[in-house]
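Residues per chain are reported as follows:
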Amino acid sequence: MTMTSSQPFFIRLLAVLSMLLGLALGTTMADAQSSVRPPDNAVNQGLTAPLGSQSDADIWRQLKQGGIGTPSASGDIPLPMAPGRPDNVAETFWKEITAPARDASATSGTPRVMQVLGEEWRLLRRDYILPYAGWVLVAVLALIALFGIVRGRIKIRDGRSGKYIFRFSMAHRIAHWFLAASFILMAISGLVILLGRPVLVPLIGKDANAVLTSAMLQGHNLFGPVFILSLLIVIFKFMKGNFFQWADAKWIAKGGGLLWGHASSHHYNFGEKTWYWVVVIVGLIMSATGMLLLFPWITDVLAWHQLSTVLHAGGAILMIAFALGHAYVGSIGMEGSLDSMLRGEVDENWAKEHHDLWYEEVTGKKVTHEDEPEAAETAEGSA
């Protein structure tokens, strides 16, 4: 640094003092580092070098599984054995680091320094959730395709009458499609996040999958609150009529009319009610766990976060599986079914065939079917 006479005297003095202080500190630190020596009674444990090619995760995993502490044929690295240390050092060390946390009023105890559920959570996710989640959805799609091939489209037996009955209001339909749209966005982004590594990486590579997963994660977090809002609206708008009744037991006994005879139902049949309660229960669980994962500072208990990831993933697969069946039956699988959510009205013949008890309540007209005694007697009398 070049100083001129024009600079104030105290500035030049401060610069000189700073240089001297820097030189002094550098010399002191060098002397301190060179003077560090092990004590005379120190014992060389043979761990002066890094622990080979094993990662920290591998070492801790061996410790959890009892593989560290004594030499073994598998090549596990033993804990150092110092003079006076017991032979069962691994067992003692394991008890210490996994002991319950000491509370403020306790006089003895060892604070926990290792959370032991992490390994079980990792194995559950790796060995069960990831391998089977995708196959569950594949199996559901295969069953839907098989049903469509064998049964075909469920048509209105007597054809369309051209007369329509009001079924859903505009508010109901907006709430339904609002939830459906947000659910589709959450389902697609969630599946990419969950199954991107085992499914997409072999197809598009790690770099492309990383970019895609990052974008999906941002979208998932962004539309999560939207899904929760739409879910709450649907829960309250569609709750009326979705409680189970005696007619639902008869509907089950007849297999929904697919096995034998006509299956009567009210405004919603047993299948629709089941889907509603899956949406309510599983949807609320996914909303709660999703908020916990989005805002992890809500709780500092790591086990709750681990449980949330399992429930969130499992609930997502369950809800997507049910949604696939609901979407098929409510659209191309059954003639006239989609009218209720597109125009809010359904054909009278469709209502008589699939929701006859509701049709009778709305119109006050009695509905008879070919497999009922009353219908058979009427047919014989007319003959």
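Above this text you will find the structure in question.
As the structure is a computational prediction, the values presented were derived from the model and not from experiment. (Residues numbered from 1 in each chain as written. Predicted model: local features only at pLDDT ≥ 70, side-chain atom pairs only at ≥ 80, totals over all residues. Heavy atoms only, no water.)

> Can you help me understand the layout of surface pockets in this one?
Taking a probe equal in size to a water molecule and rolling it over the atoms shows the remaining empty space. Computed from the structure, the second largest pocket encloses a volume of approximately 920 Å³. Considering the residues around the second largest pocket, the lining is formed by 36 residues, among which G190, I193, L194, H220 and H312 are closest to the centre. Counting residues per element, the lining of the second largest pocket draws most heavily on helix α5 (residues 170-204), which supplies twelve residues. Considered class by class, the residues forming the lining of the second largest pocket number 22 nonpolar, eleven polar and three charged. (1 Å grid on protein atoms, 1.4 Å probe; cavity = no way out; pocket = protein on both sides within 12 Å on 5 of 7 lines; lining within 4 Å. Points joined across faces, edges and corners; volume = space filled by probe spheres on them. Helix = DSSP H or I, 4+ residues; strand = E, 2+ residues; numbered from the N terminus. Nonpolar A, V, L, I, M, F, W, Y, C, P; charged D, E, K, R; others polar.)

> Is there a simple way to explain helix α9 (residues 302-329) in this structure?
Side chains of residues three or four places apart in an α-helix project in the same direction, reflecting 3.6 residues per turn. When the terminal C-alpha atoms of α9 are compared, their 41 Å separation across 28 residues agrees well with the 40 Å that a helix rising 1.5 Å per residue should span. Within the sequence span of α9, burial applies to H305, Q306, S308, H312, A313, G315, I317, M319, I320, A321, A323 and Y328. (Expected span 1.5 Å × (residues − 1). Buried < 20%, exposed > 50% of the residue type's maximum accessible area, 1.4 Å probe, protein only.)

> Explain the pattern of salt bridges to me, please; I cannot follow it from the model alone.
Pairs may arise between side chains of opposite charge once their charged atoms sit close together. In total, this model carries six salt bridges according to the counting rule given. Among the salt bridges present, the one from D339 reaches R160, with a minimum N-O distance of 2.9 Å. A residue pair is termed long-range when its members are at least 10 positions apart, and D339 in helix α10 (residues 339-342) and R160 in the loop between α4 (117-151) and β1 (164-166) qualify at 179 residues. On the accessibility criterion, R160 (41% relative accessible area) is partly exposed. Salt bridges sharing partners connect three or more residues here, namely R160, E335 and D339. (Salt bridge = Lys/Arg side-chain N within 4 Å of Asp/Glu carboxyl O.)

> What exactly am I supposed to notice about the packing of aromatic side chains here?
Note on aromatic pairs: each is described by the distance of the centres and the angle between the planes. On inspection of all chains with the given rule, the structure shows ten aromatic pairs. Taken together, a centroid distance of 5.0 Å and an interplanar angle of 80 degrees make the contact between Y276 and W277 edge-to-face. Residue class for Y276 comes out buried when judged on its relative accessible area of 6%. Taking the relative accessible area as the measure of exposure, W277 reaches 22% and is therefore partly exposed. Ring pairs connect the aromatic residues F168, F238 and Y268, which therefore count as one cluster. Here the basic side chain of R167 rests over the ring of W358, its NZ or CZ set 4.8 Å away from the ring centre. The cationic tip of R343 hangs over the ring face of Y164; the distance from NZ or CZ to the ring centre is 4.0 Å. (Phe/Tyr/Trp six-rings, centres within 6.5 Å; stacked < 30°, edge-to-face > 60°. Lys NZ or Arg CZ within 6 Å of the ring centre and 35° of its normal.)

This is a description of form; function is not addressed.
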